[in-house]
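Remarks on the overall topology
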Amino acid sequence: MKRLTDNLSSKYYEAYNRLTSKNARKRIIAYVESFDDIYFWRTVLSNYETDKIYFEVMLPSRTKLSRGKKSVLKNQLCDKMGEGMIACVDADYDYLMQGRNNTSDYILNSRFVFHTYVYAIENYQCYAPSLHDVCVMATLNDKQIFDFQRYLEDFSTIVFPLFVWSIWAYRTDRHTQFSMTDFNIVATIGKASLDNTGHAMHHLEEKVRQKINWLQRKFPAHNDEVDALATELQTLGVTPKNTYLYIQGHHIFDCVVSPIIGRVCNMLRGEHEEAIRRTAAHYTQMNNELSSYEHSTQDVKAMLRRNNSYRDCPEFRRLCTDIEDFISRIAK
């Protein structure tokens, strides 16, 4: 039997909340895109729970495997969103599209839809100032041997001009000629040396230059449009130093951050294990300490996915402000 909750609208939950005891907490359903999103949005929304309201974060359906932004936002068709039911989604390119398609327009203008501003939750997990903390969680070694912030700023500065072209292609319905996949193929860093990332960045810069030259030849009449868009994107929060926050999240996570943070953590583990071997009083103590250390360390990607040290990120603060405004409205 299909569960009733799959068809309920915000009006139902609002009526239910009115019928319960005046002292009972008001429940607000928060629909999210996937299982991974549940943890992220729970950590966000829990900060706003009080003795008056609480959130229940869930997928769009408990009886079907439908997931993704479309499944979450289809509630708009039945006018289901409201004070008792909200949608929490990744921004993807929809924020930067600024209403040029129906999904973007709905996300930007609905009072009951909240988006990440950055492309996806993976971009927050890869927030540069937090990556040293991820290394500490994974290795229990607090030694700083790599400048993640400079690494991602250099990457962002190089790919920013090409990223502008990517947004232009989607805004002007030319993404079949320059797709997100095409952009990602270029915006990939090879195996960078921890001691000197310059060679990898130089190679990236050359790939970007070649692709921009190709785009300028293909669309010669639109260079001024792209230049104007670069200025507009900066007013929306995209800068040459933080572009990585707005690029497809899975690409940044899997192809830009995970490889370098994995190498950093391997080096940190190696240093700690070498220190144990060097300082152990005897063979048995060394084996016991190495075994204890191995059991205490964590998988790097798992720690990266659980990273929530992005709370001072300006984009995250914008998201929090949106939720605070919503809370203040329903409290009246």
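Because the structure is predicted, anything quoted here is derived from the model rather than measured.

What follows is about the confidence of the model for the protein. In the predicted model, the protein carries a mean pLDDT of 89, and the fraction of residues at 70 or more is 89%. Note that residues 1-7 has pLDDT below 50 and, in this model, 14 contacts with residues that lie over four places away or in other chains.

A separate point is the pairing of strand β2 (residues 53-58). Of the strand pairs in this sheet, strand β1 (residues 26-31) and β2 are connected by 6 bridges, and their pairing is parallel. Following the sheet pairing, I28 is matched in β2 by F55.

Attention now moves to the state of the cysteines. Each disulfide consists of one covalent bond between the sulfur atoms belonging to two cysteines. A complete count under the given rule lists 0 disulfides for this structure. Here C265 stays free of any disulfide, with the sulfur of C135 as its closest cysteine sulfur at 3.8 Å. With relative accessibility at 0%, the residue C265 sits in the buried group.

As a further point, take the packing of helix α8 (residues 148-171) against helix α10 (residues 198-218). How two helices sit against one another is set out by the angle between their axes and by the gap between those axes. Axis separation between α8 and α10 bottoms out at 9 Å; the angle between their running directions is 10°. By the angle class used here, α8 and α10 are roughly parallel. Of the residues in α10, those touching α8 at Y151, D154, F155, I158, V159, P161, L162 and W165 are M201, L204, E205, V208, K211, I212, L215 and Q216.

All right, on to unusual backbone geometry then. Of note in this structure, Q98 is not a glycine but carries a positive phi near 50°. Residue position: Q98 is located in the loop between α4 (94-97) and α5 (102-109). In the Ramachandran plot, Y117 falls in the positive-phi region, its phi being about 70° despite a non-glycine side chain. Position of Y117 among the secondary structure elements: in the loop between β4 (113-115) and α6 (121-125).

Okay, the packing of aromatic side chains next. Tallied over the entire structure, the rule returns 18 aromatic pairs. With centroids separated by 5.2 Å and ring planes inclined at 65°, the aromatic side chains of Y310 and F316 adopt a geometry described as edge-to-face. Like Y310, the residue F316 is buried in the burial classification. Among the aromatic residues, those joined into a ring-pair cluster are F40, W41, Y124, Y310 and F316.

Conventions used here
Residues numbered from 1 in each chain as written. Predicted model: local features only at pLDDT ≥ 70, side-chain atom pairs only at ≥ 80, totals over all residues. Heavy atoms only, no water. pLDDT = per-residue confidence, 0-100. Contact = heavy atoms within 4.5 Å. Pairing = 2+ DSSP bridges. Helix = DSSP H or I, 4+ residues; strand = E, 2+ residues; numbered from the N terminus. Disulfide = S-S within 2.5 Å. Buried < 20%, exposed > 50% of the residue type's maximum accessible area, 1.4 Å probe, protein only. Axes fitted to C-alpha atoms, helices over the stretch in contact; angles between N-to-C directions. Parallel < 35°, antiparallel > 145°, perpendicular 65-115°, else oblique. Phe/Tyr/Trp six-rings, centres within 6.5 Å; stacked < 30°, edge-to-face > 60°.

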